[in-house]
Amino acid sequence: MKKTALFNPAIVRRASVDALVKLDPRLMMKNPVMFIVEVGSVLTTLLLIVNLTRHEAHQGFNLQITLWLWFTVLFANFAEAMAEGRGKAQADTLRRAKSETVARRLRADESIEEVASTMLRVGDLVVVAAGEMIPGDGEVISGVASVDESAITGESAPVIREAGGDRSAVTGGTRVLSDQIRIRITSNPGETFIDRMIALVEGAERQKTPNEIALNILLAGLTIIFLLAVVTLQPFAIYSGAPQTVFVLVSLLVCLIPTTIGGLLSSIGIAGMDRLVQHNVLAMSGRAVEAAGDVNTLLLDKTGTITIGNREAVAFLPAPGVSADQLADAAQLSSLPDETPEGRSIVVLAKEKFNLRGRELATLHATFIPFSAVTRMSGVDLDGRIVRKGSADAIERYIGELGGSFPREVREQVNEVARSGGTPLVVADGNRCMGVIQLKDIVKGGMKERFAELRRMGIKTIMITGDNPLTAAAIAREAGVDDFLAEAKPKDKMDLIRREQAEGKLVAMTGDGTNDAPALAQADVGVAMNSGTQAAKEAGNMVDLDSNPTKLIEIVAIGKQLLMTRGALTTFSIANDVAKYFAIIPAMFAGVFPVLGVLNIMHLATPQSAVLSAVIFNALVIIALIPLALRGVGYKAMSAEALLQRNLLVYGLGGIVVPFVGIKLIDMVITAIHLA
Ligand SMILES: Nc1ncnc2c1ncn2[C@@H]1O[C@H](COP(=O)(O)OP(=O)(O)OP(=O)(O)O)[C@@H](O)[C@H]1O
Ligand SMILES: [K+]
Ligand SMILES: [Mg+2]
């Protein structure tokens, strides 16, 4: 996603208009703190009009108070509109990517008809060749192609999309650069990924998170307490001979209630979602973003996440008494219809190394047994010949059931391949063990450093893989994860998450495969790769457009930053309201209780300038903090306690000191220019 400047002029313009629209009391009511300020503004406006029609003198002060109260509401609305504006700008860009195209749809008899992309429905099959736009969201069912996904990711480097594996999903509006693929459409018009993205970045689906609701209730509670305090102050003021005007009472109220956080709360949440979008992550729920900030345990799968993921066959290691040719022949036969990257690479290696003919499948009358994460095997049944390949344990059990034997030498080769971090596949022809196919995969660069960073954040990393324990251990050691779970079936992944959650931990998980879907759904933060299968994308609550599994590190950082920003501004808001109390109370009663003069530590010029300065400061601080609310407070990987201490110091102490200085300065300025 392209980055937009924080104060992009077009966004500022749109936000200024939206700030006025948001004055609608029906909208304001959702934010109790600012709603009270609006009610106060209306009240002082009406009184001002009454006073003016009665030709009462000295309305300058009242006019200024009224104006600044309105500014307070407008500034808060502007903050929210600014946060929303960035999303709206992104939605506009996405809408342009949603252009209508012509699709080449396959009829039942395999002939092709041309239809508008908007006519496509779930289940339709289409053919897309190099240079053509992919007409809708779907899954590649045959072929491999490089695809330009820059329309949705902003990333110009092409990506590979292929049938069978965990990189099969394609998005409508992206372009095929090379080769030809067949796609099964997986979403109806109006419900496509881009449609959902637009709704998301526009905030149409945004709902308050539980944390936000809790904070709102707290703020509303504080507001009611201060409202009662200010209302009951008046009888006391009258009794002591210093009755206060409504203008002063409303000013006091507005200064005491937490307007800073009340005005910025929703922009902080929107900005958090927006920061994720800037990182090409779409969060389907704000709750997931917050959960990301508190994650304790992170689960990653091995292949494609920690490793590059194109597990390629690199060698055939025949069993005793079997020739390399015989093994290659059986391996190729078992893989001919296998559309997984592993299967295709075996066919290729057999062709390259042993010059085996690519056989014509149709003439063989073969039944294909596809790979499944539960059986961990795949193969073909021919007339009279049954060939299987799969994980060593699965094949050993399979051969045993058929009365065959599993040679010790093969077991040793299996272990050797596994210890080097490769994946061994064993081939069986009937009940005869033919030998080992060595699959190689490479740990991605920079993994160790990234996991070390997570450790500093206090997050435990666990690699889960369907692969055998030896391979898993080798890769885990090389990548530097804290723990691993091997030979995990889909249910095991989910059970591991349940166990962690039962201990009160928040669990994040990334995955791309259909076998990851149950776990992605169970995790508190489930990040699906955009390249992954449809099932994975539907199960998770976030999608990473870059399909970069280590993106979780950024997601966690953004989540933490969101929680910290909210906490910091709440602390600041409540602390700085205290300071305003010291500005206004002495000013109100200085005439009748000279002893209150000791509270007037700011030595403000006049009671009126004191009240006005406090109100102006209260309004300006909202504007001043918009960049912080939108950008988030600075974040470094450190423990939660250290962060809390630092923030209490900076924002708590700062919240008390800054208003004293600010109000004093404003007081000096307005006295100098004789405003009060
Ligand atoms: N096409 C295939 N045919 C037969 N067996 C396979 C095939 N692909 C993988 N296997 C075997 O099945 C095991 C499990 O593979 P699977 O793809 O389910 O792993 P996974 O659960 O996705 O874990 P990860 O992706 O982290 O390695 C592999 O380790 C391998 O032994
Ligand atoms: K306030
Ligand atoms: Mg996998």
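Computed from a predicted structure; not experimentally measured.

Q: For this particular structure, what's the right way to read the overall build of the protein?
A: Within the protein one finds 24 helices and 22 strands. Structurally, the protein occupies a C-alpha span of about 110 × 55 × 35 Å along its principal axes. Sequence-distant contacts, at least 24 apart, represent 71% of the contacts inside the protein between residues at least 6 apart. Working note: accessible area of the protein is about 28600 Å², and carbon and sulfur atoms make up 60% of it.

Q: Any chance you could explain the coordination of the potassium ion (ligand 2) here in plain terms?
A: By definition of the ideal shapes, four donors in a tetrahedron about a metal sit 109.5 degrees apart, and six donors in an octahedron sit 90 or 180 degrees apart. Within the protein, the atoms that donate to the potassium ion (ligand 2) are V254 (O), C255 (O), I257 (O), T259 (OG1), D577 (OD) and N618 (OD1), at distances of 2.4 to 2.9 Å. Between consecutive donor residues of the potassium ion (ligand 2), the sequence gaps follow V-C-x1-I-x1-T-x317-D-x40-N. Assigned by exposure class, V254 and I257 land together as buried.

Q: What should I look at first to understand the nonpolar core in this one?
A: The tendency in soluble globular proteins is for nonpolar side chains to be buried as a group. With 113 residues, the main nonpolar core has L264, I306, M542 and M588 as its most contacted residues. Here the element with the most residues in this core is helix α22 (residues 551–589); it accounts for 18 residues. Looking at this core, you find at least three residues from each of domain 1 (9–90 + 200–278 + 556–673) and domain 2 (295–306 + 444–545). Aside from chain neighbours lying at most four places away, what touches I306 is L300, D301, I442, V443, K444, M447, F451, M463, I475, A479 and V481. If you look at the next biggest cluster of nonpolar residues, it comprises 34 residues, including A319, V380, V387 and I399.

Q: Would you mind showing me how to read the packing of aromatic side chains here?
A: Two descriptors summarise a pair of aromatic rings, namely the distance from one centre to the other and the angle between the planes of the rings. For the structure on display, the rule yields two aromatic pairs. With centroids separated by 5.1 Å and ring planes inclined at 70°, the aromatic side chains of W68 and F71 adopt a geometry described as edge-to-face. Taken together, the positions of W68 and F71, both in helix α4 (residues 60–97) and three residues apart, correspond to about one turn of that helix. A relative accessible area of 32% places F71 in the partly exposed class. Each ring, one from F71 and one from F75, has its centre 5.8 Å from the other, and the planes form 10°; the classification is stacked. Note that F71 and F75 are positioned in helix α4 at a spacing of four residues, about one turn of the helix.

Q: Looking at this structure, how should I read the sheet that holds strand β15 (residues 385–390)?
A: One open sheet holds the six strands; their spatial order is β12-β17-β16-β15-β14-β13, and the pairing between them is antiparallel. Where the open sheet ends on each side, the last strands, each with one partner, are β12 (312–318) and β13 (367–369). Looking at each pair of strands side by side, their axes are set apart by 20° on average, direction ignored. Both β12 and strand β17 (residues 432–440) contribute to a ladder of six bridges, which runs antiparallel. Note that in β17 the partner of F316 across the bridge is I437. With respect to the sheet, helix α12 (residues 324–335) is in contact with β12, β14 (377–382), β15, β16 (423–429) and β17, its orientation differing from that of β15 by roughly 90°.

Q: So what exactly am I meant to see when it comes to the environment of L106 here?
A: Here L106 shows up in strand β1 (residues 102–106). Spatially, the C-alpha atom of L106 lies 9.3 Å from that of R182, the residues being 76 residues apart in sequence. With near-sequence residues (within four places) excluded, L106 lies in contact with S111, I112, L125, V127 and R182.

Q: What am I meant to see in the pairing of strand β18 (residues 460–464) here?
A: Every other side chain in a regular strand lies on the same face of the sheet, so the side chains alternate between the two faces. Where burial is concerned, most of β18 is hidden: four out of the five residues are buried. Across five bridges, the pairing between strand β11 (residues 297–301) and β18 is parallel. When the bridges of β18 are listed, D301 appears paired with I464. One ladder, built from three bridges, connects β18 with strand β19 (residues 483–485); its direction is parallel. Counted as the bridge partner of I462 is D483 from β19. Regarding topology, helix α18 (residues 469–479) serves as the crossover connection from β18 to the parallel β19, and that connection is right-handed.

Q: How do you make sense of the packing of helix α7 (residues 210–239) against α22 when you look at a structure like this?
A: How two helices sit against one another is set out by the angle between their axes and by the gap between those axes. One way to put it is that α7 packs onto α22 with a least axis distance of 13 Å and a crossing angle of 5°. In this view, α7 runs roughly parallel relative to α22, as classed from their interaxial angle. Where α7 abuts α22, its residues N211, E212, L215, L222, L233, F236 and A237 lie against L563, R566, T570, I574, M588 and F589. A per-class count over the contact of α7 with α22 returns nine nonpolar, two polar and two charged.

Q: Whenever I open this one, the UniProt feature "domain: P-type ATPase A" (unreviewed entry) in the protein confuses me. Can you help?
A: Per the UniProt record, the feature "domain: P-type ATPase A" (unreviewed entry) sits at residues 101–202. Secondary structure over residues 101–202 splits into 13% helix and 38% strand, and the C-alpha atoms at its two ends are 24 Å apart.

Q: How should I be thinking about the UniProt feature "binding site: Mg(2+)" (unreviewed entry) in the protein in this particular structure?
A: According to UniProt, the "binding site: Mg(2+)" (unreviewed entry) feature falls on D512 and D516. Positionally, D512 belongs in the loop between β20 (507–511) and α20 (517–522). Overall, the relative accessible area of 7% leaves D512 in the buried class. Ignoring any residue separated from it by four or fewer positions in sequence, one finds D512 in contact with D166, D301, M529, G532, T533 and A536. By the secondary structure assignment, D516 is in the loop between β20 and α20. Classification of D516 by relative accessible area gives buried; the value is 0%. If we skip the residues at most four places from it in the chain, D516 touches D301, K493, M509 and G511. A distance of 2.6 Å separates the side chain of D516 from the side chain of K493, its partner in a polar contact.

What counts and what doesn't
- Residues numbered from 1 in each chain as written.
- Chains lettered and ligands numbered in written order.
- Predicted model: local features only at pLDDT ≥ 70, side-chain atom pairs only at ≥ 80, totals over all residues.
- Heavy atoms only, no water.
- Helix = DSSP H or I, 4+ residues; strand = E, 2+ residues; numbered from the N terminus.
- Contact = heavy atoms within 4.5 Å.
- Areas by Shrake-Rupley, 256 points an atom, 1.4 Å probe, with all protein chains shown as cover.
- Donors = N, O, S within 2.8 Å, 3.2 Å for Na, K, Ca; no water.
- Buried < 20%, exposed > 50% of the residue type's maximum accessible area, 1.4 Å probe, protein only.
- Core = buried A, V, L, I, M, F, W, Y, C linked by side-chain atoms within 4.5 Å.
- Domains from an automatic or database assignment.
- Phe/Tyr/Trp six-rings, centres within 6.5 Å; stacked < 30°, edge-to-face > 60°.
- Pairing = 2+ DSSP bridges.
- Axes fitted to C-alpha atoms, helices over the stretch in contact; angles between N-to-C directions.
- Right-handed = clockwise from strand over helix to strand, strands pointing away.
- Parallel < 35°, antiparallel > 145°, perpendicular 65-115°, else oblique.
- Nonpolar A, V, L, I, M, F, W, Y, C, P; charged D, E, K, R; others polar.
- UniProt positions renumbered as here; feature names shortened; annotations may be inferred.
- Polar contact = N/O pair within 3.5 Å; in protein donor to acceptor, adjacent residues only side chain to side chain.

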